[in-house]
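Take a look at the letters that make up each chain.
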Amino acid sequence: MKKICRSVIAAATLAACSTILPMEGFAANGCGGASWYALHSKTASGERMNPSINTAAHRSLAFGTKLKVTNRNNGRSVVVRVNDRGPFIRGRVLDLSRAAAKNIGMVSSGTAKVCYEVIG
């Protein structure tokens, strides 16, 4: 009985660790909708939102993670730093600062289909 319990505990611990700490070489990539915002309020990371720097909100990536975001409509890319949580609208994967949105040509439309990849 003790041997089975240890195996179950070890398996549960391994499962918990693998969901918290990704394996070596793992790269989080994704595609979906993006929108932009230009508030001056505090972000979830505690810093003040600055619409003139390239930042983004993502639901789960660690604060400080750098992403290469590419607008699928025109191929333009920008590197952003995750400093906030969101978006909270179905189908959207990122909320970008105004500066980041401007760099990939989506300010006038307000939204765009994007793909992103973790670069740091």
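Residues numbered from 1 in each chain as written. Predicted model: local features only at pLDDT ≥ 70, side-chain atom pairs only at ≥ 80, totals over all residues. Heavy atoms only, no water.

The protein is annotated in an unreviewed UniProt entry as Endolytic peptidoglycan transglycosylase RlpA of Rhizobium grahamii. For the record of the protein, the UniProt heading Subcellular location (unreviewed entry) holds the text "Cell membrane". (UniProt positions renumbered as here; feature names shortened; annotations may be inferred.)

Draft legend 1. Summary view of the overall build of the protein. Looking only at helices and strands, the protein has two helices and six strands in total. Scanning the protein from its N terminus toward the C terminus, one meets helices and strands in the order α-β-β-β-β-β-α-β. Here the protein holds 120 residues, and 32% of them are scored as buried. Carbon and sulfur atoms form 58% of the exposed surface of the protein, whose accessible area is close to 7500 Å². (Helix = DSSP H or I, 4+ residues; strand = E, 2+ residues; numbered from the N terminus. Buried < 20%, exposed > 50% of the residue type's maximum accessible area, 1.4 Å probe, protein only. Areas by Shrake-Rupley, 256 points an atom, 1.4 Å probe, with all protein chains shown as cover.)

Draft legend 2. Examining the pattern of salt bridges more closely. Evaluation of the coordinates by the stated rule reveals one salt bridge. The shortest N-O distance in the salt bridge between Glu47 and Arg81 comes to 3.0 Å. You can see Glu47 sitting in the loop between β1 (29-37) and β2 (55-57) and its partner Arg81 sitting in strand β4 (residues 77-84), a full 34 residues away along the chain. (Salt bridge = Lys/Arg side-chain N within 4 Å of Asp/Glu carboxyl O.)

Draft legend 3. View of the packing of aromatic side chains. Taken as a whole and assessed by the stated rule, the structure comprises zero aromatic pairs. Stacked on the ring of Phe63, the Lys or Arg Arg85 has its end atom at 4.2 Å from the ring centre. (Phe/Tyr/Trp six-rings, centres within 6.5 Å; stacked < 30°, edge-to-face > 60°. Lys NZ or Arg CZ within 6 Å of the ring centre and 35° of its normal.)

Draft legend 4. Structural context of the state of the cysteines. Counting across every chain of the model gives one disulfide. Residue pairing for Cys31: its cysteine sulfur links by disulfide to Cys115, the two sulfurs lying 2.0 Å apart. Between Cys31 and Cys115 the disulfide shows an S-S torsion of about 105°. By sign, it is right-handed. Remark: Cys115 occurs in strand β6 (residues 111-118) and Cys31 occurs in strand β1; sequence separation between them is 84 residues. Look at Cys31 and you get partly exposed, because its relative accessible area is 45%. (Disulfide = S-S within 2.5 Å.)

Draft legend 5. Structural view of the sheet that holds β4. In spatial order, the strands read β1-β5-β2-β4-β3-β6; together these six strands close into a barrel with mixed pairing. If you compare each strand with its neighbour and ignore which way they point, the axes differ by 45° on average. Bridge count for β1 against strand β5 (residues 92-97) is five bridges, and the pairing is parallel. Bridging across to β5, Ser35 finds its partner in Asp95. (Pairing = 2+ DSSP bridges. Axes fitted to C-alpha atoms, helices over the stretch in contact; angles between N-to-C directions.)

Draft legend 6. The arrangement of the side chain of His58 in detail. Examined against the element boundaries, His58 turns out to sit in the loop between β2 and β3 (66-71). Here Leu61 takes part through its backbone nitrogen, which lies 3.1 Å from a polar atom of the side chain of His58. Discounting chain neighbours no more than four positions away, the residues touching His58 are Val82, Asp84, Arg85, Gly86, Val93, Leu94 and Tyr116. (Polar contact = N/O pair within 3.5 Å; in protein donor to acceptor, adjacent residues only side chain to side chain. Contact = heavy atoms within 4.5 Å.)

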